[in-house]
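# Observations on the three-dimensional arrangement
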Amino acid sequence: VERLLEQLNENDRLSIVIFDDLVERLTPLLRMTGANKTKIINSIQNIGGNGGTNIKERLQTAVNVLNSRRYFNNVAGIFLLSDGVDDRNHDPIIEIVKLNKYTVHTFGFGPEIDVQLLTKIAEIRDGNFYHIQRTDLVDKYFAQSLSGLSSAIVSWVHVRVLRLVILISSRE
C-alpha cells in the first residue's frame, strides 16, 4: 500500500474499505496529504482475515463511493483485486458492472481466483485483467491502469492475511 500511496498527490482522494463476507469502510474519502497518508497506513495495520470473497458487495460499495462524491471528475475507474473465488451467483455482479459508468480493471492474486469472472468484469467496461503471480509486478500493472485515468478507485488485496482492502482514489 505504501508504494501506491507514493504515487498519489494532494489532488488525489482515497478511502479504504475492508471486506471479507462483510464490507466495512475504514476511512472516508481523504485528500492524500502527508498526514492523511499516515492515517491510511495506520488504518490498515491491524487488519485480519475472517471470511470469503464478496465481489458483488465490493463493487457496489466502490460504485456508491464514486457516486456520492462531492467533487466529480470527468473520468473515474474501479480497480478490483481479488485473491479468491466468489461462489455466489455471478449475474448480480455482472449487472452492477453493466449499470455503472466506470472503467473496471481487475487483478487476481494467487492460484485460486476466478479468471473467467475477473476477465468478464474487466471487458464489460473496457478495463484490463491482470493475473498477478509475482507481487513485484503490481506497481507496473497499477501504473499501466492508472495511466489513462484522472480518477480511480483501487481495490487492493492485503495478501498476507487474505483480507481484501479497497483503496479509493479520485484525482482532480
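The rules behind these values
Residues numbered from 1 in each chain as written. Predicted model: local features only at pLDDT ≥ 70, side-chain atom pairs only at ≥ 80, totals over all residues. Heavy atoms only, no water. Salt bridge = Lys/Arg side-chain N within 4 Å of Asp/Glu carboxyl O. Buried < 20%, exposed > 50% of the residue type's maximum accessible area, 1.4 Å probe, protein only. Helix = DSSP H or I, 4+ residues; strand = E, 2+ residues; numbered from the N terminus. Polar contact = N/O pair within 3.5 Å; in protein donor to acceptor, adjacent residues only side chain to side chain. Contact = heavy atoms within 4.5 Å. Pairing = 2+ DSSP bridges. Right-handed = clockwise from strand over helix to strand, strands pointing away.

Below, the discussion takes up the pattern of salt bridges. Within the structure shown, the criterion is met by three salt bridges. Residues R88 and D86 are paired through a salt bridge, measuring 3.1 Å at the closest nitrogen-oxygen approach. By relative accessible area, which is 1% here, D86 ends up buried.

Tracing the backbone through its elements, the reader meets S145 in helix α6 (residues 138-146). Under the relative-accessibility criterion, S145 is labelled buried at 2%. In terms of polar contacts, S145 uses its side chain to reach the side chain of Y130, at 3.4 Å. In contact with S145, not counting residues within four places along its chain, are F79, H105, F107 and Y130.

Our focus in this paragraph is the pairing of strand β5 (residues 103-109). With seven of seven residues buried, β5 lies mostly within the body of the structure. By the alternation rule, side chains of β5 split into T103, H105, F107 and F109 and V104, T106 and G108, which are all buried. Relative to β5, strand β4 (residues 77-82) runs parallel, the two sharing six bridges. Bridge pairing in β5 places F79 opposite H105. Handedness of the crossover joining β4 and β5 through helix α4 (residues 91-99): right-handed. For β5 and strand β6 (residues 129-132), the ladder comprises four bridges, and the chain directions are parallel. Paired with F109 across the strands is I132, a residue of β6. Between the parallel elements β5 and β6, the chain passes through helix α5 (residues 115-124) in a crossover that is right-handed.

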